[in-house]
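As a plain string of letters, each chain reads:
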Amino acid sequence: MVCCNDIKSFSNKHVMSWTSIKKYGNEKFLITGKQDANNGVVFKGLLNGSGEYYTVRKPRSKFTTVSDCQQNENSVTLIGNYSGKNGYHGFIYNGDLSENSLENNSNYTKLDVGSVLTLPTGISGTQIVGNCNNHEKAGNDDFQLGPASAFIYDIVNGHYVMVDFPGFKSISLSGIVQVDPDKYVITGSISKSAVSLETVKNNIPFGTVFTASYNSLSRKICNFNLIEIERFNCHF
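Residues numbered from 1 in each chain as written. Predicted model: local features only at pLDDT ≥ 70, side-chain atom pairs only at ≥ 80, totals over all residues. Heavy atoms only, no water.

**Student:** I'm lost on the overall build of the protein chain in this one. Help?
**Tutor:** The secondary structure content of the protein chain amounts to two helices and 16 strands. Within the span of the protein chain, comprising 236 residues, buried residues form 49% of the whole. In the protein chain, of all internal contacts separated by at least 6 residues, the share reaching a separation of at least 24 is 46%. Only carbon and sulfur atoms are counted for the fraction: they give 48% of the accessible area of the protein chain, which is about 11900 Å². (Helix = DSSP H or I, 4+ residues; strand = E, 2+ residues; numbered from the N terminus. Buried < 20%, exposed > 50% of the residue type's maximum accessible area, 1.4 Å probe, protein only. Contact = heavy atoms within 4.5 Å. Areas by Shrake-Rupley, 256 points an atom, 1.4 Å probe, with all protein chains shown as cover.)

Structure (structure tokens):
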């Protein structure tokens, strides 16, 4: 477990915001975020700020944000979003953290669930969660792209499911953690009112936090649990 008090100010390099933290080896951590308005960042090192920073900018993108990461046997996986010709696209990066690898466009896979906006937010095991526009809800509640919608994407087979709960108009997913080979816990925010995708894109908290269980084989969600903490974003 990482306590906020353990994380010192990384004053030796400016970082606009942090988005996730994952264990790396025995003592080090990988921390992802947004370095500035145009670049994502990955920090690899100790929680006292001793380590290396890596700038992430997907080739041919206007800007890049890194949302989460995962250590593999000989590489790392990064997820996030970037601005392209036709909106906001998600990406999956597989490679090492060297400059040559990070600047190699072939190491990036585009992830488009929504037609104009896809924002991956969390990765664990073989599953990615995120937020997007849902063309089936376009125009609903006076929103051109419809209210906030969320998805779960399977890296192995390329399938995704849209997450929907009866009685709720808006949902965002912010985190996922693998607890068994095919079992996961997801978390996010949910609201009975319509919330715009701009709210989600700008990382503004809304509604009520929830957790739920997800089975990647059956692609079913169960054990839905509301946590009565409003104005708060939850991320594993």
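On we go.
**Student:** Whenever I open this one, the environment of glutamate 52 confuses me. Can you help?
**Tutor:** Mapped onto the fold, glutamate 52 is located in strand 4 (residues 51–56). The partly exposed category is assigned to glutamate 52, whose relative accessible area is 37%. The sequence separation of glutamate 52 and leucine 97 amounts to 45 residues, and the corresponding C-alpha distance is 9.9 Å.

**Student:** Looking at this structure, I do not really get the sheet that holds strand 2 (residues 28–34). What am I missing?
**Tutor:** Sheet strands pair via backbone hydrogen bonds, and the direction of the pair is either parallel or antiparallel. One open sheet holds the four strands; their spatial order is 1-2-3-4, and the pairing between them is antiparallel. Of all strands in the sheet, those bounded by a partner on one side alone are strand 1 (17–24) and strand 4. Averaged over all pairs of adjacent strands, the angle between their axes in this sheet comes to 20 degrees, without regard to strand direction. Judged from the six bridges that link them, strand 2 and strand 3 (residues 40–45) form a sheet pairing that is antiparallel. (Pairing = 2+ DSSP bridges. Axes fitted to C-alpha atoms, helices over the stretch in contact; angles between N-to-C directions.)

**Student:** Explanation requested: the pattern of salt bridges in the structure shown.
**Tutor:** Oppositely charged side chains can pair when the atoms bearing their charge come close. Within the structure shown, the criterion is met by three salt bridges. Put simply, aspartate 68 and lysine 22 hold a salt bridge, and the shortest N to O gap is 3.2 Å. With aspartate 68 in strand 5 (residues 64–71) and lysine 22 in strand 1, this pair connects stretches of sequence that are 46 residues apart. A relative accessible area of 1% means that aspartate 68 is categorised as buried. Of the charged contacts in the structure, one is a salt bridge between lysine 110 and aspartate 112, with a shortest N-O distance of 3.9 Å. (Salt bridge = Lys/Arg side-chain N within 4 Å of Asp/Glu carboxyl O.)

**Student:** Is there a simple way to explain unusual backbone geometry in this structure?
**Tutor:** Keep in mind that most residues, glycine aside, have a negative phi and that most peptide bonds are trans. One non-glycine residue, asparagine 203, lies in the positive phi region at around 60 degrees. On the secondary structure map, asparagine 203 appears in the loop between helix 2 (197–201) and strand 15 (208–215). A positive phi angle is found at asparagine 223, which is not glycine, with a value near 55 degrees. Here asparagine 223 shows up in strand 16 (residues 220–230). Taking relative accessible area as the criterion, asparagine 223 reaches 56% and is therefore assigned exposed.

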